[in-house]
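What follows is the residue order along each chain.
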Amino acid sequence: MADAKVIPFDDDRSRGSAAQRPSRRRGTGSRRTTGESAQVGEVQPLPGRPRAQDDVPVTHEEEQRPAVPRDDDGGGLERRVASGLSFLRRRLTGDYEVDDFGYDEELTDQVLMSLLRPLYEKYFRVEVKGVENIPSEGGALIVANHSGTLPLDGLMMQVAVHDHHPADRHLRLLAADLVFMLPVVNELARKLGHTLACAEDADRLLGQGELVGVMPEGFKGIGKPFGERYKLQRFGRGGFVSTALRRRTPIIPCSIVGAEEIYPMIGNARTLARVLGIPYFPLTPTFPWLGPLGAVPLPTKWTIQFGDPIHTDGYPPEAAEDPMLMFNLTDQVREQIQHTLYKLLVQRRSVFF
């Protein structure tokens with residue numbers, strides 16, 4: 001039997017990484033004013049003495065009503081402290097699990113997501129649509145547009161799936177090689193479940209029933225000038241389609257609006273980028289002119305919409321080697337994302353509100 005041909009995700013394999021509690025209302029009782037008269041048969045307090053508890057008439061229904069335990073804030077604080085101490089003890093003793101890719105689910109749920117959530121909820125105020133299109137179990141490939149100069153859109157998409165999917169699914173992102181060359185970023189990306197953007201890792205994750213996210217534009221998407229915002233770049237040679245066909249998993253297009261404006265890229269210092277060994281060196285209205293302050297993203301309003309899945313289980317196994325089919329499916333995914341981007345832009349009233 002001939003060896004299966006491995007199709008890379010792109011020429012340079014560069015990819016982008018990244019319930020509220022119902023309010024309780026207390027019932028308000030009416031207070032009788034001084035001039036109101038007492039009802040007949042009501043027990044009145046003695047002059048100069050407030051009404052005692054025993055003086056209040058108790059109905060038969062109140063006698064039969066079970067006592068409701070009070071949620072003491074002190075008890076909740078104690079539980080949180082105990083949970084935190086237990087978490088620290090497991091980290092110090094090494095009593096936690098990490099998969100073959102370095103993904104630490106407990107650290108992601110309890111720490112890393114908590115650090116990303118304020119940026120997601122308060123700063124970018126992300127609105128999520130179509131999360132029900134993501135299957136509750138089994139492998140699936142989410143394909144999204146990429147933008148924003150820095151790959152914050154991948155992280156926000158990961159928080160959206162983590163916090164809003166009814167089955168509490170986790171998104172495993174395929175990231176570019178550069179992510180795993182940076183000392184601190186490398187460790188954090190591995191803990192968050194990111195892995196190298198290659199067909200082998202994607203195939204393995206999908207085979208394990210994981211939810212995998214890929215941004216085929218790569219650096220061409222996040223490094224494009226502001227004048228080309230929301231215009232999708234080339235999607236490579238369709239390696240993600242080949243992987244989905246091989247594993248017979250659905251492809252879910254995802255459109256992200258709002259990330260293009262966080263760092264409006266008006267220029268690119270290519271010479272400096274070559275010296276630093278990075279794909280581009282962005283020039284924005286605030287960076288590098290304002291120094292570190294210029295690296296703060298603008299607080300734009302985001303929308304993330306997951307589209308209707310494109311099913312691949314109806315194709316034969318040899319379809320993964322058909323270049324014409326891969327081209328057609330890649331173009332279908334790209335067109336669906338682009339169409340949704342235009343629709344969301346028309347519906348958007350303001351970049352910031």
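If you check an unreviewed UniProt entry, the protein appears there as Acyltransferase from Streptomyces zinciresistens K42.

**Q** Is there a simple way to explain the pairing of strand 2 (residues 140–144) in this structure?
**A** In regular strands, side chains alternate between the two faces of the sheet. Burial analysis of strand 2 places five of its five residues in the buried class, the great majority of the element. What you see with strand 2 is no split at all: Ala140, Ile142 and Ala144 on one side and Leu141 and Val143 on the other are buried throughout. By the bridge criterion, four bridges tie strand 2 to strand 5 (residues 211–214) in an arrangement that is parallel. Residue pairing for strand 5: Val143 is matched across the bridge by Val214. Judged from the four bridges that link them, strand 2 and strand 6 (residues 251–257) form a sheet pairing that is parallel. Within the sheet, the bridge partner assigned to Val143 lies in strand 6 and is Pro253.

**Q** What is the right way to look at the nonpolar core in this model?
**A** In globular proteins that are soluble, nonpolar side chains generally tend to be buried together. The biggest cluster of nonpolar side chains holds 34 residues, and the ones touching the most others in it are Ile142, Met157, Ile256, Trp302 and Phe306. Considering each element in turn, this core owes the most residues, seven residues, to helix 4 (residues 152–164). Those residues in contact with Phe306 that sit more than four places away from it in its chain are Val128, Lys129, Gly130, Val131, Asn133, Ile134, Ile142, Met157, Val161, Ile252, Pro253 and Cys254. Phe101, Leu141, Val143 and Tyr230 belong to the second largest nonpolar core, which has 29 residues in total.

**Q** How do you make sense of the side chain of Glu261 when you look at a structure like this?
**A** With respect to the helices, strands and loops of the structure, Glu261 is situated in the loop between strand 6 and strand 7 (267–268). Overall, the relative accessible area of 6% leaves Glu261 in the buried class. At 2.9 Å, the side chain of Glu261 forms a polar contact with the side chain of Tyr230. At 3.2 Å, the side chain of Glu261 and the side chain of Arg348 are in polar contact. Contacts of Glu261, omitting those with residues within four sequence positions, involve Phe226, Arg229, Tyr230, Leu298, Thr300, Arg348 and Val351.

About the thresholds
Residues numbered from 1 in each chain as written. Predicted model: local features only at pLDDT ≥ 70, side-chain atom pairs only at ≥ 80, totals over all residues. Heavy atoms only, no water. Buried < 20%, exposed > 50% of the residue type's maximum accessible area, 1.4 Å probe, protein only. Helix = DSSP H or I, 4+ residues; strand = E, 2+ residues; numbered from the N terminus. Pairing = 2+ DSSP bridges. Core = buried A, V, L, I, M, F, W, Y, C linked by side-chain atoms within 4.5 Å. Contact = heavy atoms within 4.5 Å. Polar contact = N/O pair within 3.5 Å; in protein donor to acceptor, adjacent residues only side chain to side chain.

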